[in-house]
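# Inside the fold
The residues making up each chain are set out below.
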Amino acid sequence: MELNEMEKNLLFQVEGDCQTKIMNELYMTVRYSNNPEQRKTAESLMAKIRVLSDGECMDLVKDIQKNYRLPHPPRTIGEKIAEARQQSGAEKLKGHDIMALERFDPEVRHMIVFDVLSYGSPVGDKGDKMRLFLTETGYQKFLESQERGEVKLKNHAKVSGGHLHYDRRDRAL
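The following paragraphs examine the structure supplied in this document. (Residues numbered from 1 in each chain as written. Predicted model: local features only at pLDDT ≥ 70, side-chain atom pairs only at ≥ 80, totals over all residues. Heavy atoms only, no water.)

Our focus in this paragraph is the side chain of R103. Residue placement: R103 occurs in the loop between β1 (94-95) and β2 (110-116). D97 provides the closest opposite charge to the buried, salt-bridge-free R103, at an N-O distance of 7.7 Å. Other than its neighbours up to four places away in sequence, R103 contacts I98, F133, V159, G162, H163 and L164. (Helix = DSSP H or I, 4+ residues; strand = E, 2+ residues; numbered from the N terminus. Buried < 20%, exposed > 50% of the residue type's maximum accessible area, 1.4 Å probe, protein only. Lys, Arg positive; Asp, Glu negative; His and termini not counted. Salt bridge = Lys/Arg side-chain N within 4 Å of Asp/Glu carboxyl O. Contact = heavy atoms within 4.5 Å.)

Looking now at the nonpolar core. Counting residues in each nonpolar core, the largest one holds 22 residues, and the members touching the most others are L11, I22, L26, L45, I49, L60 and I64. Mapped onto this core, the elements with two or more residues apiece are α1 (5-13), α2 (19-32), α3 (36-50) and α4 (54-67). The element that contributes the greatest number of residues to this core is α4, accounting for five residues. Membership of the second largest hydrophobic core comes to 10 residues, among which are F114, L132, L134 and Y139. (Core = buried A, V, L, I, M, F, W, Y, C linked by side-chain atoms within 4.5 Å.)

Here we take up the layout of surface pockets. Of the pockets and cavities examined, the largest pocket occupies roughly 1,400 Å³. In terms of lining, the largest pocket is formed by 44 residues, of which the most central are E15, R85, K92, L93 and D97. Elements with a minimum of two residues in the lining of the largest pocket: α1, α2, α4, α5 (77-88), β1 and β3 (129-134). With seven residues, the single largest contributor to the lining of the largest pocket is α5. Partitioning the lining of the largest pocket into residue classes produces 16 nonpolar, 13 polar and 15 charged. (1 Å grid on protein atoms, 1.4 Å probe; cavity = no way out; pocket = protein on both sides within 12 Å on 5 of 7 lines; lining within 4 Å. Points joined across faces, edges and corners; volume = space filled by probe spheres on them. Nonpolar A, V, L, I, M, F, W, Y, C, P; charged D, E, K, R; others polar.)

What follows covers the pattern of salt bridges. When the charged atoms of two side chains lie near each other, side chains of opposite charge can form a pair. One pass over the full model with this rule turns up five salt bridges. One salt bridge in this structure joins E7 and K48, with 2.8 Å as the shortest N-O distance. One end of the pair, E7, is in helix α1; the other, K48, is in helix α3, with 41 residues separating them in the sequence. E150 is the salt-bridge partner of R148, the closest N and O atoms lying 3.1 Å from each other. Here E150 falls in the buried class, since its relative accessible area comes to 13%.

Before going further, it helps to examine the environment of E102. Residue placement: E102 occurs in the loop between β1 and β2. Along the primary structure E102 and F133 are separated by 31 residues, whereas in three dimensions their C-alpha atoms are 6.2 Å apart. If sequence neighbours within four positions are ignored, E102 has contacts with H96, V108 and F133.

In structure tokens:
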């Protein structure tokens with residue numbers, strides 16, 4: 001598929017683990033961007049990826065995020081985050097993004113990073129590495145799921161007003 005420079009730049013910044021989420025993010029760009037050129041680019045990109053299967057779409061996104069280089073120093077927060085993730089070689093986690101709105105919910109008390117170990121897990125698919133922001137009740141359900149061997153905790157942080165207070169900083173995220 002042939003993409004122009006602006007389309008590559010948009011795909012470089014997207015957050016999502018399936019075609020539907022990618023399309024939704026592009027739709028939001030079309031709807032809320034003040035830049036007419038960016039809106040037109042997002043519409044063009046949506047038309048191009050709409051005909052792809054979910055797997056083909058995600059392969060395209062992963063390829064752009066791995067191999068594309070910005071033609072200029074990163075300017076937006078999205079570009080800076082995408083470039084830092086690319087340079088670190090860090091795996092993109094499923095579930096909540098690190099700056100997800102859930103993080104700032106006053107009821108949320110826990111951020112967890114975990115591996116999904118079984119197909120019976122209430123969240124994710126076997127083999128997924130995920131991040132979730134949870135209330136106290138949600139965290140207790142997670143611990144019960146861990147006792148059943150469905151998931152394994154990799155890292156935990158207490159959340160207070162959107163700030164993360166990690167139990168241990170030496171664990172991989």
